[in-house]
Every structure is written in C-alpha cells, then in structure tokens.
Amino acid sequence: MPPKKLISGVEYQLRLYVAGQTPKSTAAIENLNKICETHLSGRYKIEVIDLLINPKLAAGDQILAVPTLVRQLPEPIKKIIGDLSNEERVLVGLDVHPLG
Amino acid sequence: MAKRKDILRSKRASIPKALTGIAGLDEVTFGGFPAGRPTLICGGAGAGKTMLAAEFIVNGALRYGEPGVFMMFEENAEELAANVRSMGFDLEKLQNDGLISLDHVHLERSEIEETGEYDLEGLFIRLGHAIDSIGAKRVVLDTLEALFAGLPNHAILRAELRRLFRWLKDRGMTAVITGERGDEALTRYGIEEYVSDCVILLDHRVNDQVSTRRLRVVKYRGSAHGTNEYPFMIGENGFSVMPITSLSLDHKASSERVSSGVSGLDEMLGGKGVFRGSSVLISGSPGTGKSSLAIHFAASAARRGERALVFAYEESHDQLVRNMGSIGLKLKPLISKGLLRVHASRPTLQGLEQHLVAMHDEIAAFRPSLVVVDPISNLSLEGDRSSVVRPTLMRLIDLLKQEQITAVFTSLVNNDAATRESSEVGISSLMDTWVLLRNIESNGERNRALFVLKSRGMAHSNKVREFLMSERGLSLVDAYSGPDGVLVGSARIAHAKREMGNSDNQVTK
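Procedures and definitions
- Residues numbered from 1 in each chain as written.
- Chains lettered and ligands numbered in written order.
- Predicted model: local features only at pLDDT ≥ 70, side-chain atom pairs only at ≥ 80, totals over all residues.
- Helix = DSSP H or I, 4+ residues; strand = E, 2+ residues; numbered from the N terminus.
- Buried ≥ 20, exposed ≤ 12 C-beta atoms within 10 Å, placed from the backbone.
- Contact = placed C-beta atoms within 7 Å.
- Core = buried A, V, L, I, M, F, W, Y, C linked by C-beta atoms within 7 Å.
- Domains from an automatic or database assignment.
- pLDDT = per-residue confidence, 0-100.
- Nonpolar A, V, L, I, M, F, W, Y, C, P; charged D, E, K, R; others polar.
- Pairing = 2+ DSSP bridges.
- Axes fitted to C-alpha atoms, helices over the stretch in contact; angles between N-to-C directions.
- Expected span 1.5 Å × (residues − 1).

Participant: Teacher, can you tell me more about the overall build of chain B here?
Facilitator: What chain B contains, in helices and strands, is 17 helices and 25 strands. Evaluated residue by residue, chain B yields a buried proportion of 44% over its 509 residues. In chain B, the share of contacts with a sequence separation of at least 24, taken over all contacts with a separation of at least 6, comes to 70%.

What follows is the structure, encoded as structure tokens:
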C-alpha cells in the first residue's frame, strides 16, 4: 500500500480556511477553483473549512489569518494567506509550474 | 473638613481591578490590573515578562476563580510549562482541570505566501473558542509582536490589532499583552499605542556588575499608582515586587526574652536580653568586635537548643570558626549538632534581590529561630544603592518578624562622625535594639566601648561600658565615669587601684 497518497491521481490536497460567507472568502473560493481548474485539472482536491462552524480547527491547524489556503500534500505543508487574487503568487506558493 | 475628606476618598474609588496575586504588585497598582481591559507589560529580553504573565494567569485560575487563556507566540506549551515549573506551577494539571487554556501560535514566515486581502479572523476565532471553552476571564498574549515578524503586511496587522483590543474589551477580558522593549519607544512595534489603559515596564539592568530587576508602572488610566521604580525578583515562589508599602505592621510581638550570649549585655538590656523576634543592630567602626558579638547571639541560641543561621559576608566558614575560637567561642560542636549553620558568600556575587531570595530560601530550609547577617552594610556597599537596600532590608526584617525569628545585623560605620549618622539613620529606624560599639583612644591605647543606643519596649542601661575581648570570651565591665570623664583600659584599672588604695587607707585608719 502506498503511504499517504490516499486518493489515486490526486497530487494536490488543498484546504481553504474561511470564516463565514464574507466577500473575501467568496473571492478566495472562486479564485482557487479557477486556478486549480486551469493548472491542476484532475490532480487536486479542495476542502473548504468554515472556522465559524469548526472553531477548534483554527488552533489545530495553526490558522491566524483568513482566508488561508493550506497545501497539505505534497509535503511540505505550505500556507497562502489572502483572497488568492494574484494567480502568479498562488502558483509560486503552491509550487506549481504553470502549464505551457 | 471631614466632609472634604470624604469627597476626596470617594473620588479615589477608582475603576474595577483584577488582583494579580503577585506579592507587592497589587500594592503598587492599588489593587491589580484594570479589570476587563488590556494591560501592556514591556521589557527587554529576559526581563521577566512571561513569568509575570504566567503568574497572573495561574493566580487568576487558582486563587480568584478566573480561568485564563495563555496564548503564546514564541514558546510552545511544553517550553512554557517547563519554564514556570521552577516557580511551582503545574500548567498541565491546570489545563486538564479546565482552569487554563494554553495555545501556541506558530507562525513561520518562510511557510507563508501572501496574496490579496485577508484579516486575522482566525486569531479571533481561536481566542474566542479558547475563552468560551473554559469560561475565561483573563487572557495573556505573549508576545503579540511576534506577529510583526510573521506577517508581512503591517497595515493589515495594525488595523487588526486595534480591532483585537476593542474585541477583548467588549468581551470584558482582563488581558495582559507583553511586548519587547524598543530602542526609543516602549515596545519595538509601538503596540503601546493600542493598549492605553495600563502600561508596566520591566527592567533588568546591571550596575557595577550587579544585576537588578526593576518594575515601574508607566501609566494607569483611571487609577492612582505607585510611580517609583520598584525592585522585584523572580524566585522559587514566583514573582515578587518590593514596595515599602507592602509592609503591614501586624506581626505578633513576643514578650519572651532571649540572651545575647554576653551576660554583661543582657544586664544592660533590662537584665534579660532582647525580645524574641526583634531585630538588633550592632554597629561600629572596624575592629570593635561587631562580628564577635553577633556570633555570640547565634552561639547562645544554639546552646539553648535552637537553630541559628549566620550569613557571613566577610569571612569564610572556616575563618569564622577559627576566629571565634580565638575568643573562646567553640562553634564546631554546635555546627556538627546541626544547631548552627554558617552561610558564607560575597554579597556582590548576586543581585540584591536574588540575594534576598537566597536568604529567604535558606531561612525556609533551615527554620532558624535566630539569624545573623554580618554585615548588613556589605549589602549596601554595592554602589550608592541605599534606596534599594532599605526596602530590601525592610522586606527581610518583615519576613523574619513574621516568622518570629530574632535578627541580628552588624553594620560597619566609618569613624567619621558625619557619615556615620547619615548611613545609620536609614536602617536604624527598622531596628528594635541598637547596640553601638566604639573605639576609644586615650593614653596611648585603644579600648572598646559599648552602649545601648536604643531598645524598644524595655528598660535599658544608659551607661557606656567597656567591652573586653580575650581568649576567655567577651565581657563587659563598667567604665569608670567620674569627674575625670569616662575612664577605660589602663586608666580605669589605675583609677580602680587608686580607689582601692583609698578605701584600704580608710580601713587602716
């Protein structure tokens, strides 16, 4: 059994922490979906966590700023804070080389 | 008149406060930190900020029924727990009991990329969750400024900090925020701008190679506060500030008397010696026999089967034993019986506060009924520090009195009369009995004279007596006072012989 790679074909496991439905969180979700579809099509999984519903996770996952995007896989863990409006920096942060 | 006083007093009724439970600090702040508001504690590295904050939280949880959240940005929970364990706090147990909540905020700049707008709602949620889970009333943020290093966008951070302090106030949290001392401002990133209710500055300075810790209340909105710099210490019993006002004069006064070990001196002190638990000052110029007299107090206590502790700051243990042997006082058997203990050290080895802590610990461990500090003037010789020595000494005397421990201090004074008066005036008022030793030079010889300058609560001799030290011990003889003035030494003996001769003549007549 291969270790850690839980879902076959998924290279990028991403978690997006938001706090309620704010313009910033909506923007972050939209931006993330767009970037992933463009550059990581079929290779990613996104989990959105609302800290207002799950406040415990803020301490567990060391979240201070929202929105925070956490790249859980591949390791090492990386964090990107902000509404992800700058595609280039998100790609740098995720360590993804844009296709083409 | 009385009415005006009442008005003044009612005006003084200030804002609600939360006790810190830290010895001395509640006196300096007249009742603790402002309740439901943030307090800033700033100071350089190693000034004791985290210790103070930790004790504030632990005391709140254990003594005042106010659970607290300790959010740390630098140390993690294990490190903090290890650091405060030395002060006797078991953070893990408190956390398991739901009395405190520890949260380590780990912020690694290299792991974080920043794109676009964000806020620190995550921090608020985290803090809010910790507060709600234990019903916290107190919050510590140690050191919030670590955020400045971790988050690149300071504009957002500052706006969020402002929101955070408002939020803490709205939730009624008594908060303590620590900040690193800046070069020109109180804190490196100027967070005193946001915390304006109460600011406390901790200082750790080294003067003449001796370190002292000081605490000062820089501001306290809506309340009176002590404005001085107060020495403080961090010892096994935690944080402790030394304001003079913390001395409450409510210790018991024993009417039991204890011997000084020199019968002649006992005679001068109403025939019975000094009160148990009182403080005795023996002062005099060099070579007048201060140490010898003080050690007699200790030996006398030990011979009665009580424990006596000697803090010797000038002589080593062995030297003291040898020197006392030369005047017929054998200390070895008393030491081996465990009744006498000599603690010899250089006072300048440690800061004055640490010194007091060490004395305190030694006293707590040995539980003596009498303590000798020889000499107390060595503690004050560390530069011009009388303002520090006095409160420290007061604190020591207070401690000893509360424990009903008789205290004997020696003090070296110059022969110069002017400085003698001024150096003694500071501490003599703290003493119950003051014995003065003097050198008297006349007829080509030097003799020692002793007199009791004061002794509270007992009849005492007003006579100057001659103080003799020989290999057979200490003794006091009446100096001859007559028309020729006070006669000591060979003049006294010659006079006595003359008198004797006169009386012999009378008999033969």
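Participant: Even after reading the chapter, I still don't get the overall build of chain A, so can you show me in this structure?
Facilitator: When helices and strands are counted, chain A shows three helices and four strands. Listing every helix and strand of chain A by position from the N terminus yields β-α-β-α-β-β-α. Sorting the 100 residues of chain A into buried and exposed places 36% on the buried side. Restricting the contact set of chain A to residue pairs at least 6 apart, pairs at least 24 apart contribute 66%.

Participant: Looking at this structure, I do not really get the nonpolar core. What am I missing?
Facilitator: Taken as a class, soluble globular proteins show a tendency for nonpolar side chains to be buried jointly. Residue and element names in this part refer to chain B. In terms of nonpolar packing, the biggest core is built from 153 residues, with Ala-298 and Val-372 touching the most fellow members. Among the elements that take part in this core, helix H10 (residues 290-303) stands out by supplying eight residues, more than any other. Split by domain, the residues of this core number at least three in each of domain 1 (13-244) and domain 2 (257-478). Setting aside its immediate chain neighbours within four residues, Val-372 contacts Ala-294, Ile-295, Phe-297, Ala-298, Val-310, Phe-311 and Val-408.

Participant: Where do I start with the confidence of the model for chain A in this structure?
Facilitator: Detailed conclusions should not be drawn from predicted coordinates in areas where pLDDT is low. When pLDDT is averaged across chain A, the result is 85; 88% of the residues are at 70 or more. In the predicted structure, residues 1-6 of chain A sits below a pLDDT of 50 and forms one contact with residues beyond four places in sequence or in another chain.

Participant: Honestly, the interface of chain B and chain A in this entry has me stumped. Any pointers?
Facilitator: Often, the extent of an interface is quoted as the loss of accessible area on bringing the components together. Of the residues lining the interface, 21 residues belong to chain B; the matching set on chain A comes to 30 residues. Of the residues forming the side of chain B that touches chain A, the biggest block, seven residues, is contributed by helix H6 (residues 121-134) of chain B. Of the residues belonging to the side of chain B that touches chain A, the class tally is seven nonpolar, six polar and eight charged. Across three bridges, strand S4 (residues 78-81) of chain A lies against strand S6 (residues 112-114) of chain B in parallel orientation. The residue of S6(B) that forms the bridge with Ile81(A) is Glu114(B).

Participant: Looking at this structure, how should I read the sheet that holds strand S19 (residues 406-412) of chain B?
Facilitator: Paired through backbone hydrogen bonds, the strands of a sheet run either parallel or antiparallel to each other. Residues and elements named next belong to chain B. Spatially, nine strands are ordered S17-S16-S18-S19-S15-S20-S21-S22-S23 in an open sheet, and the strand pairing comes out mixed. Of all the strands in the sheet, the pair left with one neighbour each is strand S17 (340-344) and strand S23 (473-478). On average, each strand axis in the sheet is inclined to that of its neighbour by 20°, with strand direction left out of account. In terms of strand pairing, strand S15 (residues 279-284) meets strand S20 (residues 433-442) through five bridges, oriented parallel. Residue pairing in the sheet places Leu-281 in a bridge with Trp-434 of S20. Taken strand by strand, H10 contacts S15, strand S16 (308-312), S17, strand S18 (370-374), S19, S20, strand S22 (465-470) and S23, and its axis lies near 165° from that of S18.

Participant: Which parts of the structure should I look at to understand H10(B)?
Facilitator: In an α-helix, one turn spans 3.6 residues, which is why side chains three or four residues apart end up on the same side. All names here are of chain B. Taking 1.5 Å of rise per residue, the 14 residues of H10 would be expected to cover 20 Å, and the 20 Å separating its terminal C-alpha atoms lies within 8% of that figure. In terms of burial, H10 is a largely internal element, 13 of the 14 residues being buried. Note on H10: the residue one or two positions beyond its end, Gly-305, has a positive phi of about 90°.

Participant: What is the right way to read the sheet that holds strand S1 (residues 12-18) of chain A from this model?
Facilitator: Ordered in space as S2(A)-S1(A)-S3(A)-S4(A)-S6(B), the five strands form an open sheet in which the pairing is mixed. The strands lining the two open edges of the sheet, one partner per strand, are strand S2 (44-50) of chain A together with S6 of chain B. This sheet shows a mean twist of 20° between the axes of neighbouring strands, independent of strand direction.

Participant: I'm lost on helix H8 (residues 154-170) of chain B in this one. Help?
Facilitator: All names here are of chain B. If you check H8, its first and last C-alpha atoms are 24 Å apart, about what 17 residues at 1.5 Å a residue would give, namely 24 Å. For H8, the secondary structure elements touched by its buried residues are strand S3 (38-43), H6, strand S7 (138-142), helix H7 (146-150) and strand S8 (174-180). Gly-172 lies just past H8 and shows a positive phi near 70°.

Participant: Looking at this structure, I do not really get unusual backbone geometry. What am I missing?
Facilitator: Both trends apply: most residues other than glycine have a negative phi, and most peptide bonds are in trans. Along the chain, Val66(A) connects to Pro67(A) via a cis peptide bond; the corresponding omega equals -5°. Tracing the backbone shows Pro67(A) in the loop between helix H2 (56-60) and strand S3 (68-73). Cis geometry marks the peptide bond from Asp142(B) to Thr143(B), where omega comes out at -20°. At Gln62(A), a residue that is not glycine, the phi angle is positive and equals roughly 55°. The topology assignment puts Gln62(A) in the loop between H2 and S3.

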